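Fold and contact review
The residues making up each chain are set out below.
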Amino acid sequence: MSSLPRLFPASDATKGTEKMRIMAVFKRWEFILVLILAAICVFNSFASPYFLDLHNLFDSTQSFSEKAILVLSMALIIIIGDIDLSVASIIALCGTAVGWLATQGMTTPQLVVASVIVGTLAGMVNGGIIVRFQVPAIVVTIGTMSLFRGISYIILGDQAFSSFPDDFSDLGQGYLGGMIPYEFIVYLVLAVVFAVFLHRTTYGRSIFAMGNNPQAAMYSGIKVDTIRFWLFTVNGMMAGLAAVLFTSRIGATRPNMALGWELEVVATVVLGGVAITGGSGTMPGVILSVFVFGMLTFGLGLVNVPGIIMTIITGCMLIGAIATPIIVRKLSRP
Amino acid sequence: MIMNTADQDKNPVLALQGIKKHFGGVKALDGVTLNLYAGQVVALVGENGAGKSTAVKIMTGIFRPDAGTILINGEAVSLHSTQDAWKNGVTAVHQETVMFDDLSVAENIFMGHLENRRGGLLDWAGMNRRAAQILLELESDIRADMLLNNLSVAQKHMVEIARALSHDSKVVIMDEPTAALSQQEIQELYKIIRRLQAAGKAILYISHKFDEIFAIADRYTVFRDGCFVGEGRIADVNEDELVRLMVGRSVRQLFPKPTVTIGGPVLEVQGLGNDREFEDISFTLHKGEVLGFYGLVGAGRTELMEALFGLKPVTHGAILRNGTPMAHGSPRAVIDQGIVYVPEDRQHSGVILPMSIRNNLTLPSIRALATGIFLNNAKEKALSQQFRERLSIKCANLDQKVSDLSGGNQQKVVIGKWLATRPDIIVLDEPTKGIDVGSKSAVHAFIGDLVKQGLSVIMVSSELPEVMGMADRIIVMHQGRIARSFDRATFSAEAIVAAATGLFARSSQEGAHAQTSSAA
């Protein structure tokens, strides 16, 4: 695919010989991510004998599965050149709704549906304002970031909802076959769906076209605004899903839940090789990036690195990830 | 090398000697020579890809040559940046204005070399005064404190020229300065060039338009495929000889419009208007017809076509397709009716530069090619291969990015992606703007092929010879309205230009004067 990010100038990779095609694979950003991931795993297995335990590994996915779900839809939004900073606040809003509805006696399936609906509606508010008034997405979602979480604060104050149906905690805490968390399975299924959607459908092609040149995309008959609206809606829907999983896993709803996740999600998307300016990126890259961050956090946790140091390390990684391709390109220029 | 006495006693103000520049494996310049003399206008001509822009970028310090020397007043210099070029008295007026819309005229003029007062604060009063003085010298009525946003394209050009003058430059480079100007504005530009010339500046004038070259230049230099092929005095050559130097063969600028039987109406526009840019537009397009739209820049032609294509709302009027009212709410709806639009701005609206040739070619027909919502690679490959051959797009393979192609080949990709939707009506907005002579006649031949196959063509063009050569009928627009329409039998350059400028009374005098060379 032409739209994949490349570490080296494209002219190297577009020449036709077989040898060069193989070389092109090694220059792909996804390959670098695989190397980074392998390095982290090797480091982790030396750092702690518990790392390579299969139960431990699967368990660790729980700590990032919800964010990983958000990363999928956020990647699409960033590829079209937009951003959604309100996702974490949508989670707070949905979580609050789930908590309150549970006190009204809703069953677990009803709560899941309700959370997804609230998230979808919140996404529609974002998409609707952006498309109807042609306001930049960053402006709109900074606004709704405060708005959605604000609603949550008004309802909850410093209280929390923490009474749920008995089977509710199975969602976020349950395992398939006693080993694979349900959350992780949900993520894997969604990852496949999003990857196929982006790389194998006409909508995916339209998304790349929009990200590279929205005007030419519109002239080519792509319904640019319709696609934008639905991508923000889907992003809200994913936030709704993540919210119900997160609430189930934590077992409580507070207005400050998922605080700051939007930036972690954006950072993961960018590390996955999606250009922050839009137009390029791949789902495999973004999925690998989720594991890089997840395994790094897990490994640092195993060796008891404090949270604040973790933040510093992930920050450095992000700068490194963005700067490395640019530096390599600058150096390889004659 | 220079044989006539008038130039022999003069040394060039700026000279390029044996300049070479490579990009990867591609030779952009292979030992070119260029001499610019004080008080003379040198026209640099060559097809697209001949290396003109690269030479300009070397003279303005944007690129550094791999080999060769740049002499200024006989001394070798090396230019590392635009600032270096300015210090050496070299400035450029670019094809597309590179300016800051939200800043004032004075700020634009002094951007990059703002002047300080003692103490490090900016000397706005002084800069405004100097800007006003330069504009006065140019006999322009633009005020230094005006916001650039509020100026017309021609006025912005004037500001660019003022910026060049603010550097106290010896050499002024003009890269296709007339691309966005109307006939009248071009005459204004000529006056400015004459004034610069009288002030002893050396001027390099780059243009595709021969009537301009013969009107303004004293000397010419020709590049072909990155090589220097000749120079001399304009008075010693004619158009044919210059074209032969450019393309290495003799190309007649003829327009291969075949005779086609014109059928019934396929598109009727009745009283269309949007209360702002165009009003009261009615015309009928027939099967197999080339309908030309001529007018000055800003006459509303592009806006009308965008409305027709569903990109702009329309407040009144109707569009009939084969006799029935047509939905024109979005480009998709219009495309589905068999009408496509090749926009004027190729790089912003036509192609998606970072995507592959294949993906560009199939983009508008992607839904027709898909199985459900899933892409069908085999069909995409077949279709893009077919149009690569049909349009003879020159590329290594279809996975190449469109940005790697030359302007002419990019234009072929745009036309190809639209033909791939199998349209009945194709609207071409300035289809040959900024492309070289060879590609131009290829586009013209292609338009001929299209109407022979029964398509109908609407061609918006600001080039009178082109529109007169290709169209069966010409509709002339002026200030958003149809000024006049002409049948092929009644085409007259003078009358068309007169209608376009709105000067009916003075038509015979002015029109004849402005158009003699291009109408020939």
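For every chain, the first residue of the written sequence is number 1, and numbering continues from 1 onward in sequence order. Here the convention is simple: chains get letters from A, ligands get numbers from 1, in the order in which they are written. In view of the model being predicted, local features appear only for residues whose pLDDT reaches at least 70, and side-chain atom pairs are presented and counted only at 80 or more, with totals across whole chains, interfaces and linings using the full set of residues. Processing note: side-chain calculations cover all non-hydrogen atoms of the structure and skip hydrogens and water entirely.

Residue and element names in this part refer to chain A. Where helix α10 (residues 202–212) contacts helix α12 (residues 224–250), the two axes come as close as 11 Å, and the packing angle between them is 105°. It follows that α10 is roughly perpendicular to α12 by the angle criterion. Across from S206, I207 and M210 in α10, the residues of α12 making contact are V224, I227, R228 and L231. Grouping the constituent residues of the contact of α10 with α12 by class yields five nonpolar, one polar and one charged. Note on geometry: axes are C-alpha line fits, over the in-contact stretch for helices, and angles between N-to-C directions span 0 to 180 degrees. Runs of H or I in DSSP of at least four residues are treated as helices and runs of E of at least two as strands, each being numbered from the N terminus. What sets the label is the angle itself: under 35 degrees gives roughly parallel, over 145 gives roughly antiparallel, 65 to 115 gives roughly perpendicular, and the rest give oblique. Only heavy atoms enter the contact rule, under which two residues are in contact if any of them lie within 4.5 Å. All residues other than Ala, Val, Leu, Ile, Met, Phe, Trp, Tyr, Cys, Pro, Asp, Glu, Lys and Arg, Gly among them, are scored as polar; the first ten of these are nonpolar and the last four charged.

What follows deals with the pattern of salt bridges. All names here are of chain B. The salt bridge criterion pairs a side-chain nitrogen of Lys or Arg with a carboxyl oxygen of Asp or Glu, the two atoms within 4 Å. One pass over the structure, following the stated rule, counts 20 salt bridges over all chains. The partner of E430 in a salt bridge is R301, and the shortest N-O contact between them spans 3.8 Å. With E430 in the loop between β17 (425–429) and α17 (437–452) and R301 in helix α10 (residues 301–308), the pair connects residues that are 129 residues apart, well separated along the chain. According to the relative accessible area criterion, E430 is buried, its value standing at 10%. Relative accessibility under 20% of the residue-type maximum defines a buried residue, over 50% an exposed one, and the middle range a partly exposed one, all with a 1.4 Å probe and only protein chains included. Residue R301 is classed as buried on the basis of its relative accessible area, which comes to 6%.

As a per-residue measure, pLDDT reflects the predictor's confidence and takes values from 0 up to 100. Here chain A averages 89 in pLDDT, while 91% of its residues score no lower than 70. This model gives residues 1–16 of chain A a pLDDT under 50, and the stretch forms 40 contacts once residues within four places in sequence are excluded.

With that settled, the discussion passes to the sheet that holds strand β7 (residues 171–175) of chain B. Residues and elements named next belong to chain B. In this scheme, strands are said to pair when DSSP sees at least two bridges between them. Strand order in the open sheet made by the six strands is β6-β7-β8-β3-β9-β10, with mixed pairing throughout. Each edge of the open sheet is held by one strand with a lone partner, namely β6 (90–93) and β10 (227–233). Averaged over all neighbouring strand pairs, the angle between strand axes comes to 20°, with direction disregarded.

This part covers α10 of chain A. Counted residue by residue, α10 of chain A has nine buried out of 11 residues, so it is predominantly covered. When we look at burial in α10 of chain A, the residues that qualify are T202, G204, R205, S206, I207, F208, A209, M210 and G211 of chain A.

Each nonpolar core is a collection of buried residues, namely Ala, Val, Leu, Ile, Met, Phe, Trp, Tyr and Cys, held together in the definition by side-chain atoms within 4.5 Å. L72, I91, Y187, I222 and M283 of chain A are the most contacted members of the largest nonpolar core, which has 86 residues in total. If one sorts the elements of this core by residue count, helix α4 (residues 54–79) of chain A sits on top with 13 residues. Excluding anything up to four places from it in sequence, Y187 of chain A contacts A68, I69, L72, I287, V290 and F291 of chain A. Residues M305, I335, V427 and V443 of chain B belong to the second largest nonpolar core, which totals 79 residues.

Before going further, it helps to examine the pairing of strand β4 (residues 67–72) of chain B. All names here are of chain B. In this structure, strand β1 (residues 14–23) lies alongside β4, joined through five bridges in antiparallel fashion. When the bridges of β4 are listed, K20 appears paired with A67. Between β4 and strand β5 (residues 75–77), which pair antiparallel one after the other, the connecting turn spans two residues, and N73 there sits at a positive phi close to 50°.

Quick look at a nonpolar patch on the surface now. Residues with no salt bridge and a relative accessible area higher than 30% make up the patches, which join like charges within 9 Å and nonpolar side chains (Val, Leu, Ile, Met, Phe, Trp, Tyr) within 5 Å. The Shrake-Rupley method, run with a 1.4 Å probe sphere, supplies the accessible areas, and residue values consider only the shown protein chains as cover. A contiguous nonpolar surface patch, about 420 Å² in accessible area, is contributed by V192, V196 and Y203 of chain A together with I373 and F374 of chain B. For V192 of chain A, the location among the structural elements is in helix α9 (residues 182–200). Assessed through its relative accessible area of 53%, V192 of chain A is described here as exposed.

Attention shifts here to the packing of aromatic side chains. Residue and element names in this part refer to chain A. Aromatic pairs are defined between Phe, Tyr and Trp rings, using the six-membered ring for Trp, whenever the two ring centres lie within 6.5 Å; interplanar angles under 30 degrees are classed as stacked, those over 60 as edge-to-face, and all others as tilted. As enumerated under the stated definition, the model contains 13 aromatic pairs over all chains in all. Taken together, a centroid distance of 6.1 Å and an interplanar angle of 85° make the contact between F184 and F291 edge-to-face. Residue F184 is located in helix α9, and its partner F291 is located in helix α14 (residues 283–302); the two are separated by 107 residues in the primary sequence. By relative accessible area, F184 is classed as buried at 7%. Chaining the aromatic ring pairs together yields one cluster made of F58, F64, F184, Y187 and F291. Seen from the ring of F133, R132 lies directly overhead, with NZ or CZ sitting 5.3 Å from the centre. Over a ring means this: the NZ of a Lys or the CZ of an Arg is within 6 Å of the ring centre and within 35 degrees of the ring normal.

Moving on: the environment of V41 of chain B. Residue and element names in this part refer to chain B. Along the chain, V41 turns up in strand β3 (residues 41–45). The exposure class assigned to V41 is buried, which follows from its relative accessible area of 0%. Placed 358 residues apart in sequence, V41 and D399 show a C-alpha to C-alpha distance of 43 Å. Residues contacting V41, with those up to four places away along its chain left out, are I193, Q197, I203, Y205, I216, A217, D218 and R219.

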